[in-house]
Amino acid sequence: MQAGKYLNKNMPGSTAIMYKCSAYSFEWYSSGKVFRSANLSALPDSIKIGKRIVVFTTPEFLPALINEAATFKEIARFQTYPVSQLSLPFLNADSREKELKYFVLLECGVK
């Protein structure tokens, strides 16, 4: 996946948190540790205290993240589509954009 490769190239060895989402390819391609969490405050202190962390999530969870993170900055945004589930709207170039889903990579400062 593009996000894992992007993280390796631009922030090698970074620990990342998958926040309320699932993307196995992100875990596969990322060379650093990847944790899954639905609650940033539940992360081990060794990950979050005094550090900025990288968070991988979908745009729909950004409002929830605002309540949990002191600060966050979008690093990159990635399009995705499950290729094993091709549909006619996706194959049609005029309607493809509506079928795509997005993931975002954020740098966060935890409260």
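That block above? That's the structure.
Everything numeric in this text was worked out from a predicted model, so none of it was measured. (Residues numbered from 1 in each chain as written. Predicted model: local features only at pLDDT ≥ 70, side-chain atom pairs only at ≥ 80, totals over all residues. Heavy atoms only, no water.)

**Observations concerning the overall build of the protein chain**
Counting its regular elements, the protein chain contains 6 helices and 5 strands. Counting only residues that meet the buried cut, the protein chain has 40% of its 111 residues in that class. Of the contacts made within the protein chain by residues no fewer than 6 positions apart, 62% connect residues no fewer than 24 positions apart. Accessible surface, the protein chain: about 6700 Å² in total, of which carbon and sulfur atoms supply 55%. (Helix = DSSP H or I, 4+ residues; strand = E, 2+ residues; numbered from the N terminus. Buried < 20%, exposed > 50% of the residue type's maximum accessible area, 1.4 Å probe, protein only. Contact = heavy atoms within 4.5 Å. Areas by Shrake-Rupley, 256 points an atom, 1.4 Å probe, with all protein chains shown as cover.)

**Describing the pairing of strand 2 (residues 34–37)**
Where strand 1 (residues 16–19) meets strand 2, 4 bridges bridge the pair, whose relative direction is parallel. Note on strand 2: the bridge partner recorded for Ile17 is Phe35. Once the chain exits strand 1 it traverses helix 2 (residues 24–29) before rejoining the sheet at strand 2, and the crossover so formed is right-handed. (Pairing = 2+ DSSP bridges. Right-handed = clockwise from strand over helix to strand, strands pointing away.)

**Digging into the pattern of salt bridges**
With the rule as written, the count across this model stands at 3 salt bridges. Taking the shortest distance from any N to any O, the salt bridge between Lys73 and Glu107 comes out at 3.8 Å. Placement of the pair is Lys73 in strand 4 (residues 69–80) and Glu107 in strand 5 (residues 101–110), with a sequence separation of 34 residues. Two residues, Arg77 and Glu74, come together in a salt bridge whose shortest N-O distance is 3.0 Å. Taking the relative accessible area as the measure of exposure, Arg77 reaches 42% and is therefore partly exposed. (Salt bridge = Lys/Arg side-chain N within 4 Å of Asp/Glu carboxyl O.)

Purely spatial values, then, with no claim about function.
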